[in-house]
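Each chain is listed here by its residues.
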Amino acid sequence: MSRKTTRLTVDHLAELADPVRSCLFWELSPVDRSRLDASERVAEKERWLSEVLREWGSCGRVVRLDGRTAGHIVYAPAAFLPGAASLPTAPSTPDAIVAATAWIDPTMRGGGLGRLLVQAMAADLVERGHTAIEAYGDTRGRAEGCVLPSEFLGSVGFKTQRAHPTTPRMRMELRTALSWKDEVELALERMWGAVRPTQKATRPIGSVRAASGD
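Note that the structure is a prediction, hence the values are computed from the model and not measured. Positions within a chain are numbered from 1, following the residues in the order the chain's sequence is written. Under the rules for a predicted model, residues below a pLDDT of 70 receive no local features and side-chain atom pairs below 80 are neither given nor counted, while totals for whole chains, interfaces and linings still include all residues. Hydrogens and waters are ignored; side-chain quantities use all the structure's heavy atoms.

Details of the state of the cysteines
We call a pair of cysteine sulfur atoms a disulfide whenever their separation is within 2.5 Å. Evaluated as defined, the whole model comprises one disulfide. Bridging cysteine 23 to cysteine 146, the disulfide has an S-S length of 2.0 Å. In this pair, cysteine 23 is assigned in the loop between helix 1 (10-13) and helix 2 (30-34) and cysteine 146 in the loop between strand 5 (132-138) and strand 6 (148-149), connecting sequence segments 123 residues apart. In this scheme, a residue with accessible area under 20% of its type's maximum is buried, one over 50% is exposed, and one in between is partly exposed, where area comes from a 1.4 Å probe on protein chains only. A residue is classified by how much of its surface remains accessible, and cysteine 23, at 13% relative accessible area, is buried. Given the relative accessible area of 21%, cysteine 146 is considered partly exposed. For helices the rule is a DSSP run of H or I covering at least 4 residues; for strands it is a run of E covering at least 2, with both sets numbered from the N terminus onward.

Written as structure tokens, this is what we have:
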């Protein structure tokens, strides 16, 4: 099965399942979200993505399996994510980019696609000179929702930055070693099947090394 990641575009939103494609938890404040109906939410999501792409650049990755979008991750500077202000562990640290949310098709979960998206996000941000990612976790174990499960974040390399019973703020340092960027890119190439694994073992991938799973 062919799988690869690519930059999130407005066209990809149409391929995402509801309510994912209309979720505005991060993009708008609670008051502004409450004023929109379902169709307006989809249009606002597209408008938001277009604005961030224009003003900041790439703000997400999608993973595609045999040409079909199977999941995505969204990230941006905190200024583009006003919905985070309602969380008890806000605000994020000024130097960090915020990983807002991610989603994997339920029929595709358990195969490492979540980790693949996080690694693609990290590689993009390292390339652009950023040094840290923060995310708000959900400790309640919910499979669906706009806030990522803290268990998932911990499994892909995030550590607690500010503790909270239900919504800890978690952080991943990107510059853990001088060779971090090259190692991430090599790992992504091997996961995509672009190169054949060699017999020589490589070092762990910095702060994104973790136990198996999504």
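That shown, we press on.
Re helix 4 (residues 113-127)
Along its 15 residues, helix 4 runs 21 Å from first to last C-alpha, staying within 8% of the 21 Å computed at 1.5 Å per residue. Most of helix 4 is tucked away: 14 of the 15 residues are buried. Where helix 4 terminates, the next one or two residues include glycine 129, which has phi positive at roughly 90°. The span you would expect from a helix comes to 1.5 Å times its residue count less one.

Here we look at the nonpolar core
In this structure, Met121, Ile133 and Phe158 are the most contacted members of the largest nonpolar core, which totals 49 residues. Residue contributions to this core peak at eight residues, all from helix 4. Contact definition: two residues touch when any of their heavy atoms are within 4.5 Å. Residue contacts for isoleucine 133: discarding those within four places in its chain leaves Ala96, Ile97, Ala99, Met121, Ala122, Leu125, Phe158, Met170, Arg171, Met172 and Leu174. We define a nonpolar core as any set of buried Ala, Val, Leu, Ile, Met, Phe, Trp, Tyr and Cys residues linked to one another through side-chain atoms lying within 4.5 Å.

What about the pairing of strand 4 (residues 97-104)?
Within strand 4, seven of the eight residues are buried, leaving the element largely enclosed by the surrounding structure. Criterion used throughout: strands pair if DSSP finds at least two bridges between them. Strand direction decides the pairing type here: strand 3 (residues 68-76) and strand 4, joined by six bridges, are antiparallel. Paired with glycine 71 across the bridge in strand 4 is isoleucine 104. Across two bridges, the pairing between strand 4 and strand 5 is parallel. The residue bridging valine 98 from the neighbouring strand is glutamate 134, located in strand 5. On the question of chirality, the crossover connecting strand 4 to the parallel strand 5 by way of helix 4 is right-handed. For a crossover, the right-handed case is the one in which the path from the first strand over the helix to the second runs clockwise, viewed with the strands pointing away from the viewer.

Re the environment of valine 20
Looking at where valine 20 falls in the secondary structure, it is placed in the loop between helix 1 and helix 2. According to the relative accessible area criterion, valine 20 is buried, its value standing at 17%. Residues valine 20 and valine 42 lie 22 residues apart in sequence; the distance between their C-alpha atoms is 9.5 Å.

Regarding the confidence of the model for the protein chain
pLDDT: the predictor's confidence for each residue, scored from 0 to 100. Confidence along the protein chain averages 83 in pLDDT terms, with 79% of residues attaining 70 or more. Throughout residues 177-181 the model reports pLDDT below 50, and contacts reaching past four residues in sequence, or to other chains, amount to eleven contacts. Note on residues 194-214: pLDDT is under 50 here. Beyond four places in sequence and across chains, it has 51 contacts.

Examining the packing of aromatic side chains
Stacked, tilted and edge-to-face are the three classes assigned to paired rings of Phe, Tyr and Trp, where Trp is represented by its six-membered ring and a pair needs centres within 6.5 Å; plane angles under 30 degrees give stacked, over 60 edge-to-face, the rest tilted. For the coordinates displayed, the defined rule picks out three aromatic pairs. Between phenylalanine 25 and tryptophan 26, the aromatic rings sit 5.1 Å apart at their centres with planes inclined by 75°, giving edge-to-face as the arrangement. Where tryptophan 56 meets tyrosine 75, the ring centres are 6.4 Å apart and the plane angle is 85°; that geometry is what we call edge-to-face. Of this pair, tryptophan 56 sits in the loop between helix 3 (38-55) and strand 2 (60-65) while tyrosine 75 sits in strand 3, and the two are 19 residues apart along the sequence. Among the aromatic side chains, those forming a connected cluster through ring pairs are Phe25, Trp26 and Tyr136.

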